[in-house]
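So you can see what is in the structure, the chains are spelled out below.
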Amino acid sequence: MTTQASLVKRSQPRRTAVSNRDLFINRGFSILATFHISRFTTFLFVLAASLSLDLGLLFAASFGLADRVVEQKLANGLTVLMVERHQTPVVSLNMTFGVGGVNEQAGKTGLAHLYEHMAFKGTRTVGTKNYEKERPILEEWYRVGTELEQRQRVLARKSQERLASPEDRAAIEGLQKRFTELQEKAGQFVAGNEMALLYQRHGGVGLNAATGKDLTRYMISLPANRLPLWAALEADRMAHPVLREFYKERGVVMEERRMRNDDSPSGLLFETFTSAAFRAHPYGIPTIGWESDILSLTPADTEAFFKAYYGPGNATIAIVGDINPKDVMTLIEETFGKIPATPPQPPIVTVEPPQRGERRVEVEFDAEPSLAIGFHKPGLGHSDDYVFDVIDAVLTDGLTSRLYANLVREKLIAASVDTDSNYPGVRAPNLFALNATPLAPHTTAEVEAAIYAELERLKTEPVSAKELEKVLNNLDADLVRALRSNGGLASQLALYQTVAGDWRYAIKARDKIAAVTPADIQRVAAEYFTKSNRTVATLVKKAGEKNVATVPQHEVAR
């Protein structure tokens, strides 16, 4: 799986129809590819629906996306988006929920990512050899595990003052023994990885999931005649998930955190950077969760989180491929339509207060130095957000982009430099982030100064018409290439329906980007690229130490 809190570092910048780098933690069954989103990817929506997959030719403009998307909404709130493409007998499906790390509370961070793991453990009918016999064992196992961990934490606090009593030790040993017994009994009923195997046997490819700040996604591609299998499995998963192998999977998440954040220089840098930039808003919390929180999550916490956020009213299903929308809706009604509606999800009320002064943090690690800089900016839908998309491209899109040409090719002071116009999420005000790695013997201070010089240039010198033309040309070309597939189009439809409330937002965004003027760029740069509005994190090389994460003593044995 990939970590959520770092920008991709490249020796050569390449716009990949991506703005929000490493936004998601992904779960894959073959390739753990990073999943990204960006509004700076929109023109494709008009073109992609008009592309012939075999010939790559455009239909007439009247066959644009706006005319080809069939949108339906079930009584329980589920949104369904469909696009017919009959070139091949396959269908790509993307189910996106409007829930992510931003919906978590202090003390229970990492729940969205943990539930994504648990969602692959099956249901009352999938993943089990006999659910009626398994259920009471799971319930007692969860109860014993929760009590055991509570007693371990209490004992750990007491041990700071006095030695544990024989009674305390005996109680914990008894619970640990019973926990192990129940774990072994529950394991006898597990049909491991059954959902993935079912999909594989029926021609499914690309089974994957991703958890981010703003949303959680599940995707797969199948032969078109296997659509009923998908509907049956996914409706069952939405209605009746079973959190089997909970402690084992929680341990997997913990190991992932240690590998991707604690023992990773870039992961640790960006986790520190993000938490420094956001003092109040939950964007400052790592999507994977804090270590102590992950180890404290219980089956009851996870089930309550599922019930609050994973109902049909908070979900969008995008289906693209060899389909008949009328037949698809009949199938969806017969499966997903039976799931009861759920109450609206709790709103996020916390707003990040204005920053009143530069924040600087250092992370010591036995690794080469690197730098992260972030400026607070508006989120999705704000008029200035489109301007930042253009600035993003002007600075780091391609070999002739300003930062790359200056720092990497000409001055030779940086090995890599990149920008992100929506870090670490898109729905709320976020950051325009910059990431650079010095080229020895040059320092982070030299690179930082060179970056600020280029930002000041944006304020004083109008961006040329040629640069703006390149931005749009690259946008158009990259988008056509990137989302020619059914899966790409399904992904983007579900994405924008979820984060913007309307997939049509994508169609409008390209025109908004095209309307950005040099004066807009100067105004936005002057307003937001200020010292008091920035957070700077530096990875400082500290030789001679080996960073090794240790297993806390109170972690339940797996």
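Note that the coordinates shown come from a computational prediction; the quantities given were computed from them, not determined experimentally. (Residues numbered from 1 in each chain as written. Predicted model: local features only at pLDDT ≥ 70, side-chain atom pairs only at ≥ 80, totals over all residues. Heavy atoms only, no water.)

Visitor: Account for the overall build of the protein chain, naming residues and giving values.
Guide: Check the secondary structure of the protein chain and you find 19 helices and 12 strands. Taken over 558 residues, the protein chain has a buried fraction of 57%. Restricting the contact set of the protein chain to residue pairs at least 6 apart, pairs at least 24 apart contribute 81%. For the protein chain, the computed accessible surface area is about 22,800 Å², with 54% contributed by carbon and sulfur atoms. (Helix = DSSP H or I, 4+ residues; strand = E, 2+ residues; numbered from the N terminus. Buried < 20%, exposed > 50% of the residue type's maximum accessible area, 1.4 Å probe, protein only. Contact = heavy atoms within 4.5 Å. Areas by Shrake-Rupley, 256 points an atom, 1.4 Å probe, with all protein chains shown as cover.)

Visitor: Mind laying out the pattern of salt bridges, listing which residues take part and the relevant values?
Guide: Going through the model one piece at a time under the given rule, you end up with 32 salt bridges. Residues Glu358 and Arg360 are paired through a salt bridge, measuring 2.9 Å at the closest nitrogen-oxygen approach. For the salt bridge of Asp385 with Lys377, the shortest nitrogen-to-oxygen distance reads 2.8 Å. The network of salt bridges with shared partners includes Glu140, Arg143, Glu147, Arg151, Arg178 and Glu181. (Salt bridge = Lys/Arg side-chain N within 4 Å of Asp/Glu carboxyl O.)

Visitor: Residues and numbers for the packing of aromatic side chains, please.
Guide: The final tally for this structure, using the stated rule, is 25 aromatic pairs. Seen in terms of ring centroids, Phe388 and Phe529 are 5.9 Å apart; in terms of plane orientation they differ by 75 degrees. Their pairing is edge-to-face. Remark: Phe529 occurs in the loop between α19 (518–528) and β12 (534–541) and Phe388 occurs in helix α13 (residues 383–396); sequence separation between them is 141 residues. Within the aromatic cluster, the residues linked to one another by ring pairs are Phe97, Tyr115, Phe120, Tyr218, Phe305, Phe306, Tyr309 and Tyr310. Sitting above the plane of the Phe120 ring, Arg237 keeps its charged end 4.7 Å from the centroid. Here the guanidinium or amino end of Arg534 rests over the ring plane of Tyr452, the centre of that ring lying 4.0 Å away. (Phe/Tyr/Trp six-rings, centres within 6.5 Å; stacked < 30°, edge-to-face > 60°. Lys NZ or Arg CZ within 6 Å of the ring centre and 35° of its normal.)

Visitor: Describe in detail the pairing of strand β2 (residues 70–73), supporting the description with residues and values.
Guide: For β2 and strand β3 (residues 79–84), the ladder comprises 4 bridges, and the chain directions are antiparallel. Pairing of Gln72 across the sheet is with Val80, part of β3. Hairpin connection from β2 to β3: 5 residues lie between these consecutive antiparallel strands, with Gly77 at a positive phi of about 100 degrees. (Pairing = 2+ DSSP bridges.)

Visitor: Lay out the pairing of strand β4 (residues 90–97) in plain terms, naming residues and giving numbers.
Guide: Looking down a regular strand, the side chains alternate between one sheet face and the other. Counting buried residues along β4, 7 of its 8 residues qualify, which places the element largely inside the surrounding structure. The sheet contact formed by β4 and strand β6 (residues 216–223) spans 8 bridges and is antiparallel. When the sheet's bridge partners are listed, Asn94 is paired in β6 with Met219. Here 7 bridges tie β4 to strand β7 (residues 315–321), and the two strands are oriented antiparallel to one another. Paired with Thr96 across the bridge in β7 is Thr316.

Visitor: Describe the environment of Lys307, listing the residues and the values that go with them.
Guide: Here Lys307 is to be found in helix α11 (residues 299–309). A C-alpha to C-alpha distance of 8.0 Å links Lys307 and Thr342, two positions 35 residues apart in sequence.

Visitor: Please give an account of the environment of Pro429 that cites residues and values.
Guide: Mapped onto the fold, Pro429 is located in the loop between β10 (414–423) and β11 (430–438). Accessibility expressed as a relative area gives 55% for Pro429, which makes it exposed. Taking the C-alpha atoms as reference, Pro429 lies 9.4 Å from His281; in sequence the two are 148 residues apart. Once you skip the residues sitting within four places of it in the chain, Pro429 turns out to touch Phe278, Tyr283, Lys377, Pro378 and Gly379.

Visitor: A description of the sheet that holds β12 should follow, citing residues and the corresponding values.
Guide: Note: strands within a sheet are paired through backbone hydrogen bonds, in either parallel or antiparallel orientation. Strand order in the open sheet formed by 5 strands is β8-β12-β9-β11-β10, with mixed pairing between adjacent strands. Of all strands in the sheet, those with a lone pairing partner are β8 (359–365) and β10, marking the two edges. Taking the axes of each pair of neighbouring strands and ignoring which way they run, one obtains an average angle of 15 degrees across the sheet. Contacts from helix α15 (residues 444–460) reach β8, β9 (370–377), β10, β11 and β12, with the element oriented near 35 degrees to β9. (Axes fitted to C-alpha atoms, helices over the stretch in contact; angles between N-to-C directions.)

Visitor: Describe the packing of α13 against helix α14 (residues 402–410), and please don't skip the residues or the numbers.
Guide: Contact pair α13 / α14: the axes reach a minimum separation of 3 Å and the direction vectors enclose 30 degrees. Overall, the two elements α13 and α14 adopt an arrangement that is roughly parallel. Of the residues in α14, those touching α13 at Val394, Leu395 and Thr396 are Arg402, Leu403 and Tyr404. Grouping the constituent residues of the contact of α13 with α14 by class yields 4 nonpolar, 1 polar and 1 charged. (Parallel < 35°, antiparallel > 145°, perpendicular 65-115°, else oblique. Nonpolar A, V, L, I, M, F, W, Y, C, P; charged D, E, K, R; others polar.)

Visitor: Break down the packing of helix α3 (residues 111–118) against α11 for me, with residues and values.
Guide: For the pair α3 and α11, the least separation of the axes is 10 Å and the interaxial angle reads 90 degrees. Classified by the angle their axes make, α3 and α11 are roughly perpendicular. Counted together, Leu111, Ala112, Leu114 and Tyr115 of α3 and Asp301, Thr302, Phe305 and Phe306 of α11 form the full contact between these two elements. Grouping the amino acids of the contact of α3 with α11 by side-chain chemistry returns 6 nonpolar, 1 polar and 1 charged.

Visitor: Explain unusual backbone geometry to me, using residue names and the numbers behind them.
Guide: Across the chain, the bulk of peptide bonds are trans and the bulk of non-glycine residues have phi less than zero. Cis geometry marks the peptide bond from Tyr423 to Pro424, where omega comes out at 0 degrees. At the junction of Ala440 and Pro441, the peptide bond is cis and its omega measures out at 10 degrees in the coordinates. Tracing the sequence through the fold places Pro441 in the loop between β11 and α15. For Asn193, which is not glycine, the phi dihedral falls at a positive 60 degrees. Tracing the backbone through its elements, the reader meets Asn193 in the loop between α5 (166–187) and α6 (194–201).

Visitor: Any chance you could break down helix α9 (residues 265–277) for me, citing the residues and the numbers?
Guide: The end-to-end C-alpha distance of α9, which contains 13 residues, comes to 18 Å, matching closely the 18 Å that a straight helix rising 1.5 Å per residue would cover. Buried within α9 are the following residues: Gly267, Leu268, Leu269, Phe270, Glu271, Phe273, Thr274, Ala276 and Ala277. Among the structural elements, α8 (246–262), β8, β9, β10, β11 and β12 are those in contact with the buried residues of α9. (Expected span 1.5 Å × (residues − 1).)

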